[in-house]
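Listed below are the residues making up each chain.
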Amino acid sequence: MKAIGYQQSLPVENELSLQDIELDTPVALGHDILVEVKAVSVNPVDFKVRQTAPAPEGEYKVLGYDATGVVKSVGENVTLFKPGDKVWYAGDITRSGSNAQFHLVDERIVGRMPSTLSYGEAAALPLTSLTAWELLFDRLNVVKDDPSKRILVIGAAGGVGSIMVQLLKKLTKLEIIATASRAETVSWLEDLGADTIINHRNPLSEEFAAKNLANVDYVVSLNNTEQHLTEIEKIIKPQGKFGLIDDPATLDIKPFKTKAVSVHWELMFTRSIFKTDDMQEQHDILNKVANMIDKGQIKTTVGENLGSINAANLRKAHQHLETQTAKGKVVLEGF
């Protein structure tokens, strides 16, 4: 089967950083399903792994987490899917990835693909939807039905933020404050439902003061957390909740003590890495999101479709995400 892999951690400009390769087609056993991959999207985790995790000696490492496709075969313990089903999922960081014609994935982290979206449109959503849902409802336990509660989403125009704003708008009564720094991303977030947009290139407390915004109950930081941490302490309420997903070099949360702010770190891969007892919760979340999409309540967050799934196009996608200027998600479709 066709796949895209690499052996060394190299700059994305180097053609060996991602290469077109041929691999044996895997076989589904146990809880695994074998998916014929139709489309994928690229996330920051893709380039972060490429930059830091070389393949074992003499082997290729295949990246890719988000995917949509058709079930070709199932393992002997599979109960949720059958051959021919259209599926979507965000994968497992401990296993070979979805940048391949055929991909093995545990059924418990796979959902029914929305029937109203194309493969490419749907591929933009699984990882970011799971991350946003888990952070909001499993980690922060946001109060859904209190219109006096307020949330700040830092870096809201990216993949996770784009779906998080929509989930907040449709599933909660929270006032949504989002950050963006360019005219096109401001317009994007207004369209997705953000109530107020501030510029994260300026000190957050100054932006709050300029717009006469009161302090918030929740803060979600999706990128550059280290840069914003001092300002977050200023604008979060006493006993507020702070959630993040990125990897700051240092995270000094001591200033949060006076306000008794709780800190919540979200990693979408935790359930699959540790095979947690509630691993199948991701199957359920993906099905809930699919239902919301098919009812027209939320929409795909595709920012750009770079064409077919091959090494050259994946390098372009990685390069684009490394600039941290992406709006929505970058997808690739078909081999």
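Note: the structure precedes this text.
Residues numbered from 1 in each chain as written. Predicted model: local features only at pLDDT ≥ 70, side-chain atom pairs only at ≥ 80, totals over all residues. Heavy atoms only, no water.

Some thoughts on empty space enclosed by the protein
All chains considered together, the criterion is met by one cavity of 30 Å³ or more. A volume near 70 Å³ is recorded for the largest cavity. As for the largest cavity, its lining consists of Gly91, Asp92, Arg95, Ser96, His103, Leu104, Val105, Asp106, Ile109, Lys275 and Met279. Classifying every residue of the lining of the largest cavity gives four nonpolar, three polar and four charged. (1 Å grid on protein atoms, 1.4 Å probe; cavity = no way out; pocket = protein on both sides within 12 Å on 5 of 7 lines; lining within 4 Å. Points joined across faces, edges and corners; volume = space filled by probe spheres on them. Nonpolar A, V, L, I, M, F, W, Y, C, P; charged D, E, K, R; others polar.)

Topic: unusual backbone geometry
Located in the positive-phi region is Asn212, a residue other than glycine, with phi close to 55 degrees. Tracing the backbone through its elements, the reader meets Asn212 in the loop between helix 6 (204-210) and strand 12 (216-221). (Helix = DSSP H or I, 4+ residues; strand = E, 2+ residues; numbered from the N terminus.)

A look at the packing of helix 3 (residues 126-139) against helix 9 (residues 281-294)
Where helix 3 meets helix 9, the closest approach of the two axes is 10 Å, and the angle between their N-to-C directions is 105 degrees. By the angle class used here, helix 3 and helix 9 are roughly perpendicular. Here Pro126, Ser129, Leu130, Trp133, Glu134 and Asp138 of helix 3 come into contact with helix 9, specifically with Gln282, Ile285, Leu286, Lys288, Val289 and Met292. Taken together, the residues of the contact of helix 3 with helix 9 break down into seven nonpolar, two polar and three charged. (Axes fitted to C-alpha atoms, helices over the stretch in contact; angles between N-to-C directions. Parallel < 35°, antiparallel > 145°, perpendicular 65-115°, else oblique. Contact = heavy atoms within 4.5 Å.)

Focus: the environment of Ser308
You can see Ser308 is positioned in the loop between strand 15 (302-305) and helix 10 (311-322). C-alpha separation for the pair Ser308 and Gly64, spaced 244 residues apart in sequence, amounts to 14 Å. Setting aside chain neighbours within four positions, we find Ser308 in contact with Asn313, Leu332, Glu333 and Gly334. Within the structure, the side chain of Ser308 is placed 3.1 Å from the side chain of Asn310, a separation counted as a polar contact. (Polar contact = N/O pair within 3.5 Å; in protein donor to acceptor, adjacent residues only side chain to side chain.)

Observations concerning helix 1 (residues 44-52)
Turning to helix 1, its buried residues are Val45, Asp46, Phe47, Val49 and Arg50. The elements touched by buried residues of helix 1 are strand 1 (2-6), strand 3 (32-42), strand 4 (61-62), helix 3 and helix 10. (Buried < 20%, exposed > 50% of the residue type's maximum accessible area, 1.4 Å probe, protein only.)

Examining the pattern of salt bridges
This structure, assessed with the given rule, holds 22 salt bridges. Glu322 is the partner of Arg50 in a salt bridge, and the nearest nitrogen-oxygen pair spans 2.9 Å. With Arg50 in helix 1 and Glu322 in helix 10, this residue pair connects regions lying 272 residues apart in the sequence. With relative accessibility at 28%, the residue Glu322 sits in the partly exposed group. When salt bridges that share partners are traced, they join Glu134, Asp138, Arg139, Glu266, Arg271 and Asp278 into one network. (Salt bridge = Lys/Arg side-chain N within 4 Å of Asp/Glu carboxyl O.)

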